[in-house]
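Structure assessment
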Amino acid sequence: MEYQIEEIKCQYNYVQINGYAYEPGVSLDKADTVLLAWDPVTDTYYRLPTEHVKKEKLSKQADDGFNYDYAQFQSVTLRTKLPSGCRVCIWYRGNGENRLISTDEVIFY
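Residues numbered from 1 in each chain as written. Predicted model: local features only at pLDDT ≥ 70, side-chain atom pairs only at ≥ 80, totals over all residues. Heavy atoms only, no water.

For the rest of this paragraph, the subject is the sheet that holds strand β1 (residues 2-11). Spatially, 4 strands are ordered β1-β2-β6-β5 in an open sheet, and the strand pairing comes out antiparallel. Looking at which strands have only one partner, the edges of the open sheet turn out to be β1 and β5 (51-53). Geometrically, the sheet is characterised by an average inter-axis angle of 20 degrees between neighbouring strands, direction not taken into account. (Pairing = 2+ DSSP bridges. Helix = DSSP H or I, 4+ residues; strand = E, 2+ residues; numbered from the N terminus. Axes fitted to C-alpha atoms, helices over the stretch in contact; angles between N-to-C directions.)

This is the structure:
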């Protein structure tokens, strides 16, 4: 599984998260990835509004004949909806998968 949180920005009253997730060697025919924020203090998951961003960048970089154009995502949410210190998680559901990926990225503001 290839994934990365490329950027977390906390500006004004918003948190913006950009990244991607895909399974190498498997064309991503349907974008179905959701970002979650996990609060370790309360053991609560917050589902973040997630928009899929179609870009050819990952398909071109991999250059393996598979389509990863729908692997990129973006989320923008109000800071007041999330406690500081939440860990970013990726709920990957592309092509029928159902995988929860806990990243090392933490939202601090």
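Formed by 21 residues in total, the largest nonpolar core has its most connected members in I5, I17, L35, A71, I90 and I107. Counting only elements with at least two residues in this core, the list comes to β2 (14-22), β3 (33-39), β7 (86-92) and β8 (99-107). In terms of residue count, the dominant contributor to this core is β2 (5 residues). (Core = buried A, V, L, I, M, F, W, Y, C linked by side-chain atoms within 4.5 Å. Buried < 20%, exposed > 50% of the residue type's maximum accessible area, 1.4 Å probe, protein only.)

Turning to unusual backbone geometry, a few remarks are in order. Of note in the backbone geometry, Y12 takes a positive phi value of approximately 55 degrees without being a glycine. Of note, Y12 is situated in the loop between β1 and β2. For Y12, a relative accessible area of 70% translates into the label exposed. Positive phi values are uncommon outside glycine, yet D43 reaches one of about 55 degrees. With respect to the element layout, D43 can be found in the loop between β3 and β4 (44-47).

Now for the pattern of salt bridges. Under the counting rule described, the total for this entry stands at 6 salt bridges. Put simply, E23, E97 and R99 are held in one network by salt bridges that share partners. (Salt bridge = Lys/Arg side-chain N within 4 Å of Asp/Glu carboxyl O.)

To continue, consider the state of the cysteines. For the structure shown, the criterion picks out 0 disulfides. Cysteine C10 is unpaired, with the sulfur of C86 as its nearest cysteine sulfur at 11 Å. The thiol of C86 is unpaired, and the distance to the nearest cysteine sulfur, on C89, comes to 9.2 Å. (Disulfide = S-S within 2.5 Å.)

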